[in-house]
Amino acid sequence: MRIVRATDTFSAELKEFMCAAVQRRRDDDGFRGSRGGGKSRNAMDLDSDSGNRLVCVTGGVSYLGRAIVKRLLVHGYSVRIVVDCPEDKEKVSEMEADAETASFSNRITSVVSRLTEIESLIKAFDGCAGVFHTSAFVDPAGVSGYSKSMAELEAKVSENVIQACTRTASVRKCVFTSSLLACTWQNNTYNNLDYSVINEESWSDEQLCIDKKLWYALGKLKAEKAAWRIADSKGLKLATICPALITGPDFFNRNSTSTLAYLKGAKEMYSNGLLATMDVNKLAKAHVCLWEGLGNKTAFGRYICFDTILSRDGAEKLAKDIGVQIEKICGNSNDSDANAETDASLQISDKKLLDLMSRTLRSCYHES
């Protein structure tokens, strides 16, 4: 069950593109105006991006990463993609040649960096106004492709990325991709018959994740907590986004490991009305909105992000898309739990994100 859901309309899409155009116009005007007598680099406000439109994206060749890169390019940013092996640089070349991004190819660059080494990350981030951290990890030896060791690695890399952000002079802010699973796995929530809401103040229970061997949820939980611990202590502007299962065009073929890892425990999530999905392109828009909100001080903290709470029909479609039996997702249709979504006492609220995105669109529209 969901709380406060806005309807997507053509009007909203139109306003978004107007917003991007207005921002690009402002940047062009600001650039021309700075050619004579503007502030020197050393005199710039250290709490602002100072017109820097170069951003860094970890995992920029992943399913979500590609969508974020495309969205950033549309909004007038230049993007440096962090890849962890030379082979992935070929994927960047493919992106540059892609019909959707070919016209922006001069604003895409890549750098090879080891996410396990802070000094390597500092070099990769140098000169960028900030970082989108989207990288996740897979373990071919794991049953779902995501093992307990991957959870520990994800948390460690999170620490490295945020440490590198705080130690890179040009970096002012970071948008961090977590997961809805870092919010939903709570003992007290699942066992409480009273009305309960999952929102940005909700955190999953680490021991519960361990007991249920929910390694993907554990990895996202520990990674996000590590990010907040360091950012708070170092004064880094940070916003984290907690999306539901990421779907979209050809999502399973292009993102199978994360999909299967996310769906461990799917029947319990479904029976509690918490099995949700999020379209990858809408999620990319939300990332850019958070980035720009950090810049104008309208964004802060955590944000829940989802598109649809799965009904039985939605679960059947998902099962078909990923090639598994429906019972793996929501149980047998004869079971009482299979239709529990109609009686679920739990609700997910994305009101905070919707409010931010609506304010951003209104602001850009009125200033156009």
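Our subject is the structure listed above.
Heads up: these notes are all about the structure in this document. Just so we're clear, the structure is a prediction, and the values are computed from it rather than from any experiment.

Scoring rules and cut-offs
- Residues numbered from 1 in each chain as written.
- Predicted model: local features only at pLDDT ≥ 70, side-chain atom pairs only at ≥ 80, totals over all residues.
- Heavy atoms only, no water.
- Helix = DSSP H or I, 4+ residues; strand = E, 2+ residues; numbered from the N terminus.
- Expected span 1.5 Å × (residues − 1).
- Buried < 20%, exposed > 50% of the residue type's maximum accessible area, 1.4 Å probe, protein only.
- Polar contact = N/O pair within 3.5 Å; in protein donor to acceptor, adjacent residues only side chain to side chain.
- Pairing = 2+ DSSP bridges.
- Axes fitted to C-alpha atoms, helices over the stretch in contact; angles between N-to-C directions.
- Contact = heavy atoms within 4.5 Å.
- Core = buried A, V, L, I, M, F, W, Y, C linked by side-chain atoms within 4.5 Å.
- Parallel < 35°, antiparallel > 145°, perpendicular 65-115°, else oblique.
- Left-handed = near helix turned anticlockwise from the far one by under 90°.
- Nonpolar A, V, L, I, M, F, W, Y, C, P; charged D, E, K, R; others polar.

1. Things to note about helix 13 (residues 280-295)
Then comes step 1: For helix 13, spanning 16 residues, the distance from its first C-alpha to its last is 23 Å, which sits close to the expected 22 Å at 1.5 Å a residue.
Then comes step 2: Buried residues dominate helix 13, accounting for 13 of its 16 residues.
Then comes step 3: For helix 13, the capping residue at the N-terminal end is D279, with a side-chain oxygen 3.0 Å from the backbone nitrogen of N281.
Then comes step 4: Two residues or fewer past helix 13, K297 is found with a positive phi of approximately 65°.

2. Considering the sheet that holds strand 8 (residues 237-243)
Then comes step 1: With parallel pairing, the seven strands of this open sheet are ordered in space as 4-3-2-5-6-8-11. This sheet does not close on itself; its edge strands, each paired only once, are strand 4 (108-112) and strand 11 (301-305). The sheet shows a mean angle of 20° between the axes of neighbouring strands, taken without regard to direction.
Then comes step 2: Pairing geometry for strand 5 (residues 130-133) and strand 6 (residues 173-177), over four bridges, is parallel. Of the residues in strand 6, the one forming a bridge with V131 is C174.
Then comes step 3: Those strands touched by helix 2 (residues 63-74) are strand 2 (54-58), strand 3 (78-83), strand 4, strand 5 and strand 6, and its axis lies near 160° from that of strand 3.
Then comes step 4: Sitting on the sheet, helix 9 (residues 215-234) is in contact with strand 6, strand 8 and strand 11, with an inclination near 165° to strand 8.

3. A short note on helix 4 (residues 118-125)
Then comes step 1: Among all positions of helix 4, only S120, L121, I122, A124 and F125 are buried.
Then comes step 2: G127 sits one or two residues past helix 4 and shows a positive phi near 95°.

4. A few points about the nonpolar core
Then comes step 1: In this structure, F125, I162 and Y262 are the most contacted members of the largest nonpolar core, which totals 107 residues.
Then comes step 2: Filtering out sequence-adjacent residues up to four positions away, F125 remains in contact with C56, T58, R80, V82, V131, V161, A164, C165, T168, S170 and V171.

5. Topic: the pairing of strand 2
A regular strand places its side chains on the two faces of the sheet in alternate fashion.
Then comes step 1: By the criterion of burial, strand 2 is predominantly enclosed, with five of the five residues buried.
Then comes step 2: On strand 2, burial covers both faces: L54, C56 and T58 on one face and V55 and V57 on the other are all buried.
Then comes step 3: By the bridge criterion, five bridges tie strand 2 to strand 3 in an arrangement that is parallel. Directly across from V57, in strand 3, lies its bridge partner I81.

6. Some thoughts on the environment of I329
Then comes step 1: In this fold, I329 is placed in helix 15 (residues 327-330).
Then comes step 2: By relative accessible area, I329 is classed as buried at 2%.
Then comes step 3: Remark: the alpha-carbon pair of I329 and S271, spanning 58 residues in sequence, is separated by 9.6 Å.
Then comes step 4: Those residues in contact with I329, other than ones at most four positions away along the chain, are A266, K267, Y270, L275, A315, L318, A319, I322 and V324.

7. Topic: the packing of helix 4 against helix 5 (residues 148-167)
Then comes step 1: At their nearest, the axes of helix 4 and helix 5 sit 9 Å apart, and the two run at 55° to each other. As the angle between them shows, helix 4 and helix 5 are arranged oblique. Crossing handedness for the pair helix 4 and helix 5: right-handed. Side by side, helix 4 and helix 5 meet where I118, E119, L121, I122 and F125 of the first sit next to N160, V161, Q163, A164, C165 and R167 of the second.
Then comes step 2: Grouping the amino acids of the contact of helix 4 with helix 5 by side-chain chemistry returns seven nonpolar, two polar and two charged.

8. Examining the sheet that holds strand 9 (residues 245-247)
Then comes step 1: Taken in spatial order, the three strands line up as 9-10-12 in an open sheet, and their pairing is mixed. In the strand order of this sheet, the two ends are held by strand 9 and strand 12 (308-309), each with one partner.
Then comes step 2: Direction of pairing for strand 9 relative to strand 10 (residues 276-279): parallel, over a ladder of three bridges. Looking at the pairing, L245 lines up with T277 of strand 10.
Then comes step 3: Along the sheet, helix 13 makes contact with strand 9 and strand 10, crossing strand 10 at roughly 75°.

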